[in-house]
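Examining the three-dimensional arrangement
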Amino acid sequence: MGKKKTARSKAKIAAVARPLVLDIGGTNVTVHVRTAPRVLKAVANVAIENGKNIKAIEERRDAALEAGDFDETYRLDGEIASLIEPIVSEALGRVGYEKLLAALGGGEKADPADCTPQLVQVMQAIYDEINRFVMTAAQTTAGASNALQAAHRD
């Protein structure tokens, strides 16, 4: 006689990190955006703190580039990268940030000052992923709350 199969229940549990695939020079690189509340709060705090400074430095950088002052442009790129680094490394974790720099450098760790525009793009992709996560979490929480309320009424 055959054994009767028992139905197993499944629970879908969200991870505390979401994969983010970045196309870097035609190669897909997967990093993970950490979504624990503590991390989201830290990313937001650093982004708010550094965001205004980044904008101000970008204006000076653009002026230096337009004037052909490449030494000043590189120096300012380094300043921007140093403000972006804590945002990106907090979101991706240190290992994820190092993996990103290696991908940007074609296998060798890139100098962040050499890839400031790319880091800005990554930072935007991280913000977009966090926003998607927050919206999904809000919908999931609302759905669960409604289900609990309906079950409680019955």
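Residues numbered from 1 in each chain as written. Predicted model: local features only at pLDDT ≥ 70, side-chain atom pairs only at ≥ 80, totals over all residues. Heavy atoms only, no water.

A word on the nonpolar core
Ranked by size, the top nonpolar core spans 34 residues in total, and within it Leu22, Val88, Leu100, Leu119 and Ile126 carry the most contacts. Those elements giving two or more residues to this core turn out to be β1 (17–24), β2 (27–34), α1 (37–66), α2 (70–104) and α3 (116–153). Residues contacting Leu119, with those up to four places away along its chain left out, are Ala81, Ile84, Tyr97, Leu100, Leu101, Leu104 and Pro112. (Core = buried A, V, L, I, M, F, W, Y, C linked by side-chain atoms within 4.5 Å. Buried < 20%, exposed > 50% of the residue type's maximum accessible area, 1.4 Å probe, protein only. Helix = DSSP H or I, 4+ residues; strand = E, 2+ residues; numbered from the N terminus. Contact = heavy atoms within 4.5 Å.)

Digging into the environment of Pro19
Inspection of the secondary structure assignment puts Pro19 in strand β1. Residue class for Pro19 comes out exposed when judged on its relative accessible area of 51%. When the C-alpha positions of Pro19 and His32 are compared, they lie 4.4 Å apart, and in sequence the two are 13 residues distant. Ignoring anything within four residues of it in the chain, the contact list for Pro19 reads Thr30, Val31, His32 and Glu129.

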